[in-house]
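Chain by chain, the residues:
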Amino acid sequence: MAIGFYFDMTRCTGCRACQVACKDKNRLEVGTLYRNAHTYSVGTFPQVSAYSFSGSCNHCNTPACFAACPSGAIEKLEDGAVVINHETCTGDGSCVEACPYGIPKILPDGKAGKCDSCYQIREAGGQPACVAACPNRALDFGEYDDLVAKYGEDCVSEIAVLPSATETDPSLLIKAKDASFSEDFVEVTW
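It should be emphasised that the depicted structure is a prediction, and the values quoted were computed from it without experimental measurement.

**Student:** Would you take a moment to explain the confidence of the model for the chain for this structure?
**Tutor:** Low pLDDT means the predicted coordinates in that region are not meant to be read closely. Predicted confidence across the chain gives a mean pLDDT of 95, with 99% of residues reaching 70 or more. Confidence, expressed as mean pLDDT per element, reaches its minimum in the chain at strand S10 (residues 185-188) with 88 and its maximum at helix H5 (residues 129-133) with 98.

Here it is in C-alpha cells:
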C-alpha cells in the first residue's frame, strides 16, 4: 500500500494557498516551508508561457532521507507515509543533504522536520491541509493506485524542475503542461 499526491498544473494558478495552509498547520517559523509553490516562465518574448508547481514530500517508495538517517528517526508508516520521529532525531542533517527534492529542513530546535502528509488529520478522516486549502482543486491525495485510476495513466512523476524519478521512485502524479518539460525555464520571483 502506498499513498501519494496528485498535482494538476492545468488547474494551479500559483496562489500559494497550499503553501500557507501547510505552514499554518505545522506552525512553521519564518523562512521554513514543507510545501513550496513556485512559478516558472519558459521561452523568450514574444513566445513566452508560464506554469506553477507545488511540491512537498513525495513519500517516496525508496526515500533517500530514510536511507541516510543515522539515528533511525525517519520511518515509513504502514500506509507509505514517510515521517520523522522528532524525539529520536539527532538533527545531524543527513536527511536534508540526501533528499533530492530538498524537503526535510532543520528546525529552530536543531532537529529535522518535513511534510508528514498530515497523517493525524487523515486518521481523523480529513485531507492534508494543502489539499483542503487549494481553491482550484489542483491537489489531491490518497492511495497511489486509486489516484492513477482516477486521473489516468498519462500523468508523469518528473518535470524539468524536478530530479529524475529514478532516484527515489516518488509517489507523485503530475498532470503536466507541455511547458514544464522545457529545460529553458526561469523561476518568477515576487
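**Student:** What's the story with the pattern of salt bridges in this structure? I'm lost.
**Tutor:** Oppositely charged side chains are able to pair whenever their charged atoms sit close together. What the rule picks out here adds up to 3 salt bridges. Residue Asp-79 pairs with Arg-122 through a salt bridge whose shortest N-O separation is 2.9 Å. With Asp-79 in the loop between strand S4 (74-76) and strand S5 (82-84) and Arg-122 in helix H4 (residues 119-123), this pair connects stretches of sequence that are 43 residues apart. Looking at Asp-79, the relative accessible area reads 15%, which means it is buried. With its nearest N and O atoms 3.0 Å apart, the salt bridge here joins Lys-150 to Asp-140. With a gap of 10 residues between them, Lys-150 in helix H6 (residues 144-151) and Asp-140 in strand S8 (residues 139-143) connect regions that are remote in the sequence.

**Student:** What's the story with the pairing of strand S1 (residues 3-8) in this structure? I'm lost.
**Tutor:** Of all 6 residues that make up S1, 6 are buried, and the element is covered over most of its length. Here S1 shows two buried faces, one formed by Ile-3, Phe-5 and Phe-7 and the other by Gly-4, Tyr-6 and Asp-8. Bridging between S1 and S8 involves 5 bridges; their strand directions are antiparallel. Paired with Phe-7 across the two strands is Leu-139, which belongs to S8.

Cut-offs and rules
Each chain has its residues counted from 1, following the order in which its sequence is written. The model is predicted, so local features are restricted to residues of pLDDT at least 70 and side-chain atom pairs to those at 80 or more, both for listing and for counting; the totals for chains, interfaces and linings are taken over all residues. Based on all heavy atoms of the structure, the side-chain values leave hydrogens and waters out of the count. Confidence of the predictor at the level of single residues is captured by pLDDT, which takes values from 0 to 100. Strands here are runs of E lasting at least two residues and helices are runs of H or I lasting at least four, both read from the DSSP assignment and numbered beginning at the N terminus. Here a salt bridge means any side-chain nitrogen of Lys or Arg lying within 4 Å of a carboxyl oxygen belonging to Asp or Glu. Categorising residues by exposure relies on relative accessible area from a 1.4 Å probe, with only protein chains included: less than 20% of the type maximum marks a residue as buried, more than 50% marks it as exposed, and the intermediate range marks it as partly exposed. Here, strands pair whenever DSSP counts at least two bridges between them.

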